[in-house]
Amino acid sequence: MSTSRPTEPPKAEKRDFSYSHHGITIGDPYAWLRDPGYPTVEDKGVLEHLEAENAWFEARMEPQQELVEELFKEMKARIKEDDSTVPQRRGDFLYWSEFEEGAEYRKYYRKAVGGGEDQLILDENELAEGREYFRLGTFSVSQNGKLLAYSVDTNGSERFTARVKNLETGEHLPDEIPGTLSGLVWVMGDAALVYGLADENWRVHDATLHVLGTPLSEDVELYRETLDEGFRVGAGLSAQEDWLVISTGDNETSEVRLVPADDPTAEPILVKPRMKGIEYDVDVRDGTVWVHTNDDHVNFRLATAPLDRPDEWTTLIEGSDEFYLDGFELYRDFYVTEGRIKGLDQIQLRSYSDPNLVKPIAFAEASFTAGLTNNPEYHQDKLRLSYQSMVTPDSVFDYHVESGELELLKQQEIPSGYDPEAYTTERVEIEARDGTMIPVSVVMRKDRPDGPGPLHLYAYGAYGYAVPPGFSTTRLSLVDRGFAYAIAHIRGGDDLGRKWYLQGKLNERLNTFTDFVDVAKGLAAKGYTEEGRISISGGSAGGELMGVVANTDPQLWGAIVAHVPFVDVLATMLDESLPLTPGEWPEWGNPILSKQAFAYILSYSPYDQVVAQDYPPMLVTAGLNDPRVTYWEPAKWVAKLRELKTDDNELLLKTNMGAGHGGKSGRFESIREAAEEVAFVLWQLGVET
């Protein structure tokens, strides 16, 4: 291929192709962009087209490289290069990780609680050396502290290879398990691991036992999911680490089995048979099963049951319209419930002996995100917490259980300087077209000029994932240039409870998209911004959101950034051979079986709904090795947009040829991609830098 810069965007060839379901035929002239050999991509035409798109991206961004470099340097200057986590005790050791100055990846250390030398137990930089991509998956130290099980992905495909390291000698054991996509759980007194393999479609249907020192051919399958192709299997240990908890389920239904951790091949105890639409997760303490379930309230209740009758659930904490109970953790002397009230995180300490004794942990700011983090021991007299807000950097606290004191251990340092007093954060409500009030978190500088200015709006809106009002250093590059930055807590996430999620899935999916549009219009009506001065971004299912609103309300947006966007929704949901499809049907609907689901998905699927109209400037990203949103979805979408759009606005596609769903690995490489995104937004909105 020529190394000269292209002077016009690539135009994908159109090839006759169509498919029919329920008597409806859909033409798909860009279907050829899916390499038939996927996950291997070797088709010459496909690769040449992706490389041509990358060359066009580079050519159009070349005049912005000075700005990209400026943004990269300022974003990098906000990162403390030689940073470390706060040490935490587990067993006889304190564990922490560090970044060295200039390093892309972490080093993991420990030292004896009683003192002594720091011990380097794993170096990601060493493992990543010479590789275009590197990601550490599971990191699991054995209960006796002598062994480390970990897994790595070296191409972004999310197929991890598990290894075991002897922490006393520094040598690796010969045991190696390729193709894992799961945790690594120590059992049998640290003599064995439980893992799960990604099948050819990246689905984990097993929990398998590997005894150290034995061939993989002798591994024992403890459980295999055979009833539902869409279910995924996972495993973990109970709070007292005496039970192996094997779970299977999808986005709306679950089922759990228990086996003794010291005898994992024993007959499993089924807690309760699966019932469609009923979710539950469990823990075990002193012979009592604890159950977190939505069986009688959409916002979940907490129940208990005797181990010999695990399906007889007695309510401990009733489900509540006000309090969304999204999890619990058991400790020796107390237990903790976590959830949200009016969208704000709650952490509550509770007594085993007195159900009426509840100690909520209070935080000063009106809008924040907080939660338990890294509390590995059953006996904890201090709870490790994380906390941040849109103006307060990431903070680590110890909560002293006896006194109720919150002790600040570490706050994210910003070497180039940061004054929280220069910024203000607000939580506003915008009325959606059906009358529902949508919360929005906004941050901006206090000295931002009055009147409508540029605004960046972000949302996700799927799978019940709440976008927390947290802190971001890269966001400051927009805010310091006069932007207001807003997070729309739209339906499809569970920001305001489980019902909020249910109102944005399946046949109510359109609420997610209209909420986002209505928030943008509402923020303009309140004077934050105006039509055409709004940049928006989202990734994966949030990229689907970008695609929908680009089709429905293109005039609103001054720039759109869609990361690995899920835009070919109908074709993907019709292809049950794809990695995620069967497990996604409870979220989007099954258009194979249901004509109604087919028609509903078709009505919004971004790729299918591209029409001849003006579109705003758009930057789209993809990952060649992405098993979640396959590379051809954004590639097909951009090809169709190039064919039909009636404007001359920028349309750029950047495909990471050696990465997956999360983009490039390494902390500085990911910052450079953030700098490209911000540069594109500033360029397209004409904001002086």
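The sections below set out a description of the structure shown in this document.

Definitions and limits used
- Sequence order as written defines residue numbering, which begins from 1 separately in each chain.
- The model is predicted, so local features are restricted to residues of pLDDT at least 70 and side-chain atom pairs to those at 80 or more, both for listing and for counting; the totals for chains, interfaces and linings are taken over all residues.
- Note: side-chain values were computed over all heavy atoms of the structure, leaving out hydrogens and water.
- Strand pairing follows a simple DSSP-based rule, namely that at least 2 bridges must link the two strands.
- Numbering of helices and strands starts at the N terminus; helices are DSSP runs of H or I of at least 4 residues and strands are runs of E of at least 2.
- Inter-axis angles, ranging from 0 to 180 degrees, are taken between N-to-C directions of lines fitted to C-alpha atoms, where helices are fitted over the stretch in contact.
- Whether two residues are in contact is decided by their heavy atoms, any of which lying within 4.5 Å being enough.
- Only buried residues count toward a nonpolar core. Its members are Ala, Val, Leu, Ile, Met, Phe, Trp, Tyr and Cys residues joined through side-chain atoms within 4.5 Å.
- Burial classes: relative accessible area under 20% of the type maximum marks a residue as buried, over 50% as exposed, and values in between as partly exposed (1.4 Å probe, protein chains only).
- Put simply, the grid is 1 Å and covers the protein atoms alone, a cavity is a trapped set of points that fit a 1.4 Å probe, a pocket is an open set with protein on both sides within 12 Å along at least five of seven lines, and lining residues have an atom within 4 Å of a point.
- Grid points are joined across faces, edges and corners, and a volume is the space filled by probe spheres set on the points.
- In this analysis, rings of Phe, Tyr and Trp, with Trp reduced to its six-membered ring, are considered paired at centre separations within 6.5 Å, and the interplanar angle assigns stacked below 30 degrees, edge-to-face beyond 60, and tilted for intermediate values.
- Working rule: Lys NZ or Arg CZ, within 6 Å of ring centre, within 35 degrees of ring normal, means a charge sits over the ring.

### Section: the sheet that holds strand 36 (residues 557-563)
Here's step 1: Ordered in space as 31-32-34-33-35-36-37-38, the 8 strands form an open sheet in which the pairing is mixed. The open sheet has two edge strands, strand 31 (423-431) and strand 38 (651-656), and neither has a second partner. Sheet twist, expressed as the mean angle between neighbouring strand axes with direction ignored, is 15°.
Here's step 2: Those strands touched by helix 11 (residues 632-644) are strand 36, strand 37 (618-623) and strand 38, and its axis lies near 160° from that of strand 38.
Here's step 3: Set on the sheet, helix 12 (residues 667-685) makes contact with strand 33 (455-458), strand 35 (534-539), strand 36, strand 37 and strand 38; between it and strand 36 the angle comes to about 160°.

### Things to note about the nonpolar core
Here's step 1: Core analysis: the largest hydrophobic core is formed by 117 residues, its most contacted members being Leu457, Phe516, Leu523, Ile536, Trp557 and Trp637.
Here's step 2: Of the residues forming this core, the biggest block, 10 residues, is contributed by helix 12.
Here's step 3: Dropping the residues within four chain positions of it, Leu523 is found in contact with Val428, Ile430, Val440, Leu455, Leu457, Ala486, Tyr528 and Thr529.
Here's step 4: Among the nonpolar cores identified, the runner-up in size contains 16 residues, and Val336, Phe363, Leu385 and Phe397 belong to it.

### Considering the layout of surface pockets
Here's step 1: Here the second largest pocket is characterised by a volume of approximately 450 Å³.
Here's step 2: Lining of the second largest pocket is provided by 22 residues; of these, Asp321, Lys342, Leu496, Gly497 and Trp500 occupy positions nearest its centre.
Here's step 3: Of all elements in the fold, only strand 24 (335-341), strand 31, strand 32 (437-445) and helix 5 (498-502) reach the threshold of two or more residues within the lining of the second largest pocket.
Here's step 4: With 3 residues, helix 5 is the largest single contributor of residues to the lining of the second largest pocket.

### A word on the sheet that holds strand 16 (residues 243-249)
Here's step 1: Strand order across the open sheet formed by 4 strands is 15-16-17-18, with antiparallel pairing between neighbours. Only two strands of the sheet have a single partner each, and these edge strands are strand 15 (232-237) and strand 18 (269-270).

### Some remarks on the side chain of Asn201
Here's step 1: Mapped onto the elements of the fold, Asn201 is located in the loop between strand 12 (192-195) and strand 13 (206-211).
Here's step 2: Residues in contact with Asn201, not counting those within four places in the same chain, are Arg159, Ser577 and Pro579.

### Description of the packing of aromatic side chains
Here's step 1: For the coordinates displayed, the defined rule picks out 27 aromatic pairs.
Here's step 2: Their ring planes at 90° and their centres at 5.0 Å tell us that Tyr38 and Trp632 sit as a pair that is edge-to-face. Here Tyr38, found in the loop between strand 2 (24-27) and helix 1 (44-61), pairs with Trp632, found in helix 11; they are 594 residues apart in sequence, far enough to count as distant. One exposure class covers both Tyr38 and Trp632, and it is buried.
Here's step 3: Just above the ring of Phe93 sits the side chain of Arg110; from NZ or CZ to the centre is 3.7 Å.
Here's step 4: Its guanidinium or amino end placed over the ring of Trp313, Lys272 lies 3.8 Å from that ring's centre, counting from NZ or CZ.

### Observations regarding empty space enclosed by the protein
Here's step 1: Overall, the coordinates contain 1 cavity of 30 Å³ or more when judged by the stated rule.
Here's step 2: Its volume calculated, the largest cavity comes out at about 40 Å³.
Here's step 3: Surrounding the largest cavity, Ala162, Arg163, Val164, Asp175, Glu176, Ile177, Leu193 and His210 form its lining.
Here's step 4: For the lining of the largest cavity, the secondary structure elements donating two or more residues are strand 9 (160-166) and strand 10 (172-180).

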